[in-house]
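An overview of the molecular structure
This is what each chain is made of:
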Amino acid sequence: MEPVIFHVDLDAFYASVEEHDNPELKDKAVIIGALPGHRGVVSACSYAARRFGVRSAMPISEAYRRCPDGVYLRPRMERYHEVSLRIMEIFADFSPLVQQISVDEAFLDMSGTRRLYGTPIQAAEKLKAEVRRQTGLSVSIGIAWNKYLAKLASDFRKPDGMYQVVKGEEEAFLDQLPLKDLWGLGAKGRQRLEELNIRDIPSLRMYPLGILKRQLGAGAAEFLWDAVHGRDPGIFSQEPKSRSLSTETTFGRDTADEEGLKASLLDLSHQVMFRMMREGFTGKTVVLKLRFADFSTTTAQTTLVSPVVSAEELYGEVLKLFSKRWSKGREVRLIGVGLSNIEPAHAAMQGDLFEDPQNRKKRVEEAVVMIRDRHTEDALVKARLLHPKKRT
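Only a predicted model underlies this, so the values are computations on that prediction, with no experimental measurement involved.

1. Overview of the environment of Asp 254
With respect to the secondary-structure elements, Asp 254 resides in strand 9 (residues 244-255). Judged by relative accessible area, Asp 254 falls into the buried class, the value being 14%. Placed 69 residues apart in sequence, Asp 254 and Leu 185 show a C-alpha to C-alpha distance of 8.6 Å. Leave out the neighbours within four places in its chain, and Asp 254 touches Gly 186, Ala 187, Ala 293, Glu 331, Val 332 and Arg 333.

2. Considering the pattern of salt bridges
Throughout the structure, instances matching the rule amount to 24 salt bridges. A salt bridge links Asp 21 to Arg 79; the shortest N-O distance between them is 2.9 Å. Separated by 58 residues along the polypeptide, Asp 21 in helix 1 (residues 13-21) and Arg 79 in helix 4 (residues 77-94) bring together distant segments of the chain. We classify Asp 21 as partly exposed; its relative accessible area is 31%. For Arg 79, a relative accessible area of 3% translates into the label buried.

3. A closer look at unusual backbone geometry
In this structure, Pro 159 follows Lys 158 across a cis peptide bond, with omega equal to -5°. Assignment of secondary structure puts Pro 159 in the loop between helix 7 (147-156) and strand 8 (162-164). Positive phi, close to 70°, is recorded for Asp 27, a residue that is not glycine. Tracing the sequence through the fold places Asp 27 in the loop between helix 1 and strand 2 (30-33). At Asn 197, a position not held by glycine, the phi torsion is positive, near 65°. Relative to the helices and strands, Asn 197 is located in the loop between helix 9 (187-195) and helix 10 (201-206). For Asn 197, a relative accessible area of 55% translates into the label exposed.

Definitions and cut-offs
- Each chain carries its own residue numbering, running from 1 in the direction its sequence is written.
- In keeping with the model being predicted, local features are shown solely for residues with a pLDDT of at least 70 and side-chain atom pairs are shown and tallied solely at 80 or more, while totals for entire chains, interfaces and linings include all residues.
- Each side-chain value is worked out from all heavy atoms of the structure, with water and hydrogens disregarded.
- To qualify as a helix, a DSSP run of H or I must reach at least 4 residues; to qualify as a strand, a run of E must reach at least 2; elements of each kind are numbered from the N terminus.
- Exposure is judged per residue with a 1.4 Å probe applied to protein chains only, and the accessible area is read against the type maximum: over 50% gives exposed, under 20% gives buried, and values in between give partly exposed.
- Between two residues, a contact is recorded if the distance between any of their heavy atoms is within 4.5 Å.
- When a carboxyl oxygen of Asp or Glu is within 4 Å of a side-chain nitrogen of Lys or Arg, the pair counts as a salt bridge.

What follows is the structure, given as structure tokens:
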């Protein structure tokens, strides 16, 4: 049975949620992150804002210079996670094998579902329609026989797009893409390729692998060699659920922005803990993963005496690991957070839950999760993530 992999990506997710909740924002340049006049970066923005050159991880001062008339909003992470959960549940109705890789994207293994949903294109159309019916949001879907090609295909026709890479036509598809769209190839990598007179994907494919290894290093060369031949270089591996629970994000552009990296760690920490709580697990070993612009990857972990019980506790431990493994100015292409050494949450509970401040936070977060699961609207939001006008 030939593999059929969907990569489903929510279009401008944070901004789309804000537009859905407040229709007055429709078609406006919505920029989510720090507010003008404050230190910080852009977390996300609408397609209308991107037309002004605004992009994720850009300093908010630069975004304001380019788009002074934009609508600037603080992120509402809990609301985005709530919508993300609903969408992941829709995905689970279509496939038992869903790999969520960030708050707004996932891989679905749709192999063997033709009798249920028709051809891959027909199945993708049904999935897009169901997401829009239940949430009002649009998704872009890439279809291929491996995850890497599916990821590239979902970006090919954004927004609200769909594209299938048929087996045997991988190189023809790749040759339509500019070199900058090759996922995982950062600015420094492109600069080095240009120095070698490699300016497009066909040229890269024809370059001898042995020489490429000497010029770029074995890891980067092998990654690119697999990528331009339509093979999965292994970016999106699945952690065994029995051993750990993790999530990660690969940046479209390498970034060395400290505030942006820390914001990503906070977001990922909440994703991991909310999933832990919903699945009834906890863990003692905190894991940080970093992949740098030169394709080198490092992981760091620390094992605590007691299980992690709140997203804020997890974030605090991840920050300690981050400060040890990252140096200012070093560009990052992927960042991930995880918990391993996991066990059922009820088995880890000892003593009075209200003796430890972290357990109080856990109780609050569990209540938030329960209320969000029961309500479809923005029932509870952290005060620090609210717009100033909503604070009372």
